[in-house]
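Summary of structural features
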Amino acid sequence: MDINFTAEEAAFRDEVRAFLKDKLPEDISRKVKEHKRLGKEDTIRWQKILNEQGWLALHWPKEHGGTGWSPIQKHIFEEECAEAGAPTVLPFGVNMVAPVIIKFGTQEQKDYYLPRILKSEDWWCQGYSEPGAGSDLASLKTRAVREGDHYVVNGQKTWTTLGQHADMIFCLVRTDPDAKKQEGISFLLIDMNTPGITVRPLITLDGEHEVNEVFFDDVKVPVENLVGEENKGWTCAKYLLTFERTGIAGVGQSKAALAHLKQVAAQQISNGRPLIEDPHFRRRLADVEMELMSLEMTNLRTVAAAEAGGVPGAESSFLKIMGTELRQEITHLFRTAAGPYALPFLNEALHDDFDGNYVGPEFAASVSARYFNFRKLSIFGGSNEIQKNIISKMILGL
Ligand SMILES: Cc1cc2nc3c(=O)[nH]c(=O)nc-3n(C[C@H](O)[C@H](O)[C@H](O)COP(=O)(O)OP(=O)(O)OC[C@H]3O[C@@H](n4cnc5c(N)ncnc54)[C@H](O)[C@@H]3O)c2cc1C
């Protein structure tokens, strides 16, 4: 297997770089680089720019408006976006529900939803988890009972990321309570404006409103919003999860964060000399850098195997664990670099228009919030403990 980039791939990287230089709005990339808050409008503005270029739908087939890119091209693109400070594309519409609609949806569903997703006309959220159904997702209890030409949905979803902005939610619902857990589930597309839906915020450790609880109280959903067959939703659910794990290693983001950390550590003074010269800090930085290089190599090997037609198996679990642990460790080192200035948390300082005084260096204003927020990385998308279970079964045969 060859993990060096070809001349065509190098040329593609140049093309992506030129596009980002030309089209990525400076105010948005500055916010990303300075870890300021991004608003809904920032995400939509960037997605529209990507769509105009035909570069929004990385994982869709070309005939539906996807890029048709190889795994290596997607990897290069994601790496360049992270380096340039481009916002992450909101995954729920483009990368999650759309591939499910393309594979299992009716022609009407494809014709209606896919163009709207490309144009960012609908903001989607994911209604999988429930209290009592997270790692053990198939235990979900939200009920959908068919009554004529619609379903009546009752129940509760939780951890719904950015659901407060959403126009649509894709939901796993139980349509046959008597069947075996996985066999009585269906996949429904639900308009968030339907009467009977209530969204309540869950405030996370960093004081942010990023996740929600969503309650369904006699919500009427037209039968044509069922994707695939009734009671066969588990197949759609699993297919979607393979897309949820794409790009999961976050190598590009970690490389950008590490470069910033080194810059900061060169400026921070500790015991009369730059922090980067402190032997203890230096060793931890070196550990992270070496682990990141080995993660990058493993990621590239997985990408090269995918390019040759292979399907990532336990490797994606390994990439999830390593990638998220590294991103968390980098935020930990940022806190160390900020020293006592990591403690004062001025929420307003994360707004782009903040014109007050920072307590300590500017970079320190966001480090604790990011540190706490990033605890989520090892939980969502399948917790790291569950990934270890997968590895133990698939590789160690336990
Ligand atoms: C910030 C954030 C955003 C999220 N966004 C969404 C979203 O938009 N939509 C959505 O549907 N869901 C979302 N989730 C939910 C996420 O997928 C679940 O939190 C995750 O699947 C874990 O489920 P749980 O929280 O119910 O924990 P549990 O499953 O109760 O697990 C609790 C702990 O026990 C461990 N554990 C559980 N079972 C085992 C086992 N068999 N072996 C070893 N350890 C085990 C887990 O790893 C974890 O550490 C989000 C979660 C977070 C934190």
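Reading guide: rules and limits
- Residues numbered from 1 in each chain as written.
- Predicted model: local features only at pLDDT ≥ 70, side-chain atom pairs only at ≥ 80, totals over all residues.
- Heavy atoms only, no water.
- UniProt positions renumbered as here; feature names shortened; annotations may be inferred.
- Helix = DSSP H or I, 4+ residues; strand = E, 2+ residues; numbered from the N terminus.
- Near = heavy atom within 4 Å.
- Polar contact = N/O pair within 3.5 Å; in protein donor to acceptor, adjacent residues only side chain to side chain.
- Areas by Shrake-Rupley, 256 points an atom, 1.4 Å probe, with all protein chains shown as cover.
- Nonpolar A, V, L, I, M, F, W, Y, C, P; charged D, E, K, R; others polar.
- Domains from an automatic or database assignment.
- Pairing = 2+ DSSP bridges.
- Core = buried A, V, L, I, M, F, W, Y, C linked by side-chain atoms within 4.5 Å.
- Buried < 20%, exposed > 50% of the residue type's maximum accessible area, 1.4 Å probe, protein only.
- Contact = heavy atoms within 4.5 Å.
- Phe/Tyr/Trp six-rings, centres within 6.5 Å; stacked < 30°, edge-to-face > 60°.
- Lys NZ or Arg CZ within 6 Å of the ring centre and 35° of its normal.
- Salt bridge = Lys/Arg side-chain N within 4 Å of Asp/Glu carboxyl O.
- Patch = residues over 30% accessible without salt bridge, like charges linked within 9 Å, V, L, I, M, F, W, Y side chains within 5 Å.
- Buried area = accessible area lost by both parts, 1.4 Å probe.

Take the UniProt feature "domain: Acyl-CoA dehydrogenase/oxidase N-terminal" (unreviewed entry) in the protein chain next. In the numbering used here, UniProt assigns the feature "domain: Acyl-CoA dehydrogenase/oxidase N-terminal" (unreviewed entry) to residues 6–120. With 69% helix and 0% strand, residues 6–120 has end C-alpha atoms that lie 34 Å from one another.

Let us now look at the site of the ligand. As a structural note, the neighbourhood of the ligand is formed by 17 residues, with Ser 135, Trp 159, Thr 161, Ser 383 and Glu 385 the closest of them. Here a nitrogen atom of the ligand and a side-chain polar atom of Asn 389 are 3.0 Å apart. Protein burial of the ligand: of its 960 Å² of free accessible surface, 66% is covered by the chains. Ranked by residue count, the leading element in the shell around the ligand is helix H12 (residues 384–394), at three residues. Among the residues making up the shell around the ligand, the classes are represented as seven nonpolar, eight polar and two charged. Both domains that meet at the shell around the ligand, namely domain 2 (123–231) and domain 3 (247–396), each give it at least three residues.

Let us now look at the pairing of strand E2 (residues 143–147). As paired strands, E2 and strand E3 (residues 150–157) are joined by five bridges and run antiparallel to one another. The residue bridging Glu 147 from the neighbouring strand is His 150, located in E3. Counting the residues in the hairpin turn of E2 and E3 gives two residues, including Gly 148, whose phi is positive at 65°.

Moving on, we come to the nonpolar core. Core analysis: the biggest nonpolar cluster contains 72 residues, and Phe 170, Phe 187, Leu 189 and Ile 190 have the highest contact counts within it. With eight residues, helix H5 (residues 91–104) is the single largest residue contributor to this core. The two domains that each donate at least three residues to this core are domain 1 (7–89) and domain 2 (123–231). Counting residues in hydrophobic clusters, the runner-up holds 25 residues, among them Val 288, Phe 334, Ala 337 and Ala 364.

This brings us to the UniProt feature "domain: Acyl-CoA oxidase/dehydrogenase middle" (unreviewed entry) in the protein chain. Mapped onto the present numbering, the UniProt feature "domain: Acyl-CoA oxidase/dehydrogenase middle" (unreviewed entry) falls at residues 125–219. Span residues 125–219 is 0% helix and 51% strand, its end C-alpha atoms 17 Å apart.

Position of Ser 383 among the secondary structure elements: in the loop between helix H11 (367–373) and H12. The exposure class of Ser 383 is buried, given its relative accessible area of 13%. Apart from residues lying up to four places away in sequence, Ser 383 is in contact with Ser 135, Lys 320 and Ser 378.

What follows is about the packing of aromatic side chains. Counted by the stated rule, this structure contains 16 aromatic pairs. A centroid spacing of 6.4 Å and a plane angle of 40° characterise the contact between Trp 124 and Phe 170, whose relative ring orientation is tilted. Of this pair, Trp 124 sits in strand E1 (residues 124–127) while Phe 170 sits in strand E4 (residues 168–174), and the two are 46 residues apart along the sequence. Judged by centre distance (5.1 Å) and plane angle (70°), the rings of Phe 354 and Tyr 358 are edge-to-face. Phe 354 gets classed as buried once you look at its relative accessible area, which sits at 19%. Taking relative accessible area as the criterion, Tyr 358 reaches 24% and is therefore assigned partly exposed. Stacked on the ring of Phe 104, the Lys or Arg Lys 103 has its end atom at 6.0 Å from the ring centre. Sitting over the ring of Phe 215, Arg 200 keeps its end group 4.5 Å from the ring centre.

Moving on, we come to unusual backbone geometry. The phi angle at Leu 162 is positive, at roughly 55°, despite the residue not being glycine. As for its placement among the helices and strands, Leu 162 is situated in the loop between E3 and E4. Although it is not a glycine, Asn 231 sits at a positive phi angle of roughly 70°. For Asn 231, a relative accessible area of 18% puts it in the buried group.

Along the polypeptide, Leu 202 turns up in strand E6 (residues 197–203). Expressed as a C-alpha distance, the spacing of Leu 202 and Asn 212, which sit 10 residues apart in the sequence, is 4.9 Å. Residues contacting Leu 202, with those up to four places away along its chain left out, are Thr 158, Trp 159, Glu 208, His 209, Glu 210, Val 211, Asn 212 and Glu 213.

Now for the pattern of salt bridges. Inspection of the entire model under this criterion finds 22 salt bridges. Residues Arg 17 and Glu 80 are paired through a salt bridge, measuring 2.8 Å at the closest nitrogen-oxygen approach. Residue Arg 17 is located in helix H1 (residues 7–23), and its partner Glu 80 is located in helix H4 (residues 71–84); the two are separated by 63 residues in the primary sequence. Ionic pairing is found between Arg 45 and Asp 27, a salt bridge with its closest N-O pair at 2.7 Å. With a gap of 18 residues between them, Arg 45 in helix H3 (residues 40–53) and Asp 27 in helix H2 (residues 26–33) connect regions that are remote in the sequence. Several salt bridges share partner residues, and in doing so they unite Arg 13, Arg 17, Glu 79, Glu 80, Lys 255 and Glu 296 into one network.

We now examine a nonpolar patch on the surface. Together, Met 394, Ile 395, Leu 396 and Leu 398 line one region of the surface with nonpolar side chains, adding up to about 490 Å² of accessible area. Locating Met 394 in the fold gives a position in helix H12. Assessed through its relative accessible area of 54%, Met 394 is described here as exposed.

Next up on the list: the domain arrangement of the protein chain. On domain assignment, one finds that the protein chain holds domain 1 (7–89), domain 2 (123–231) and domain 3 (247–396). Centre-to-centre separation of domain 2 and domain 3, based on C-alpha positions: 32 Å. Facing the six residues of domain 2 at the interface are eight residues of domain 3. Interface area, domain 2 with domain 3, both sides summed: about 540 Å², of which 49% is carbon and sulfur. By the criterion of area lost to domain 3, the three top residues of domain 2 are Leu 205, Asp 206 and Glu 210, representing 71% of everything that side buries. At the boundary of domain 2 and domain 3, one finds three residue pairs in polar contact (both at pLDDT 80 or more). Taken together, the residues of the side of domain 2 that touches domain 3 break down into one nonpolar, two polar and three charged.

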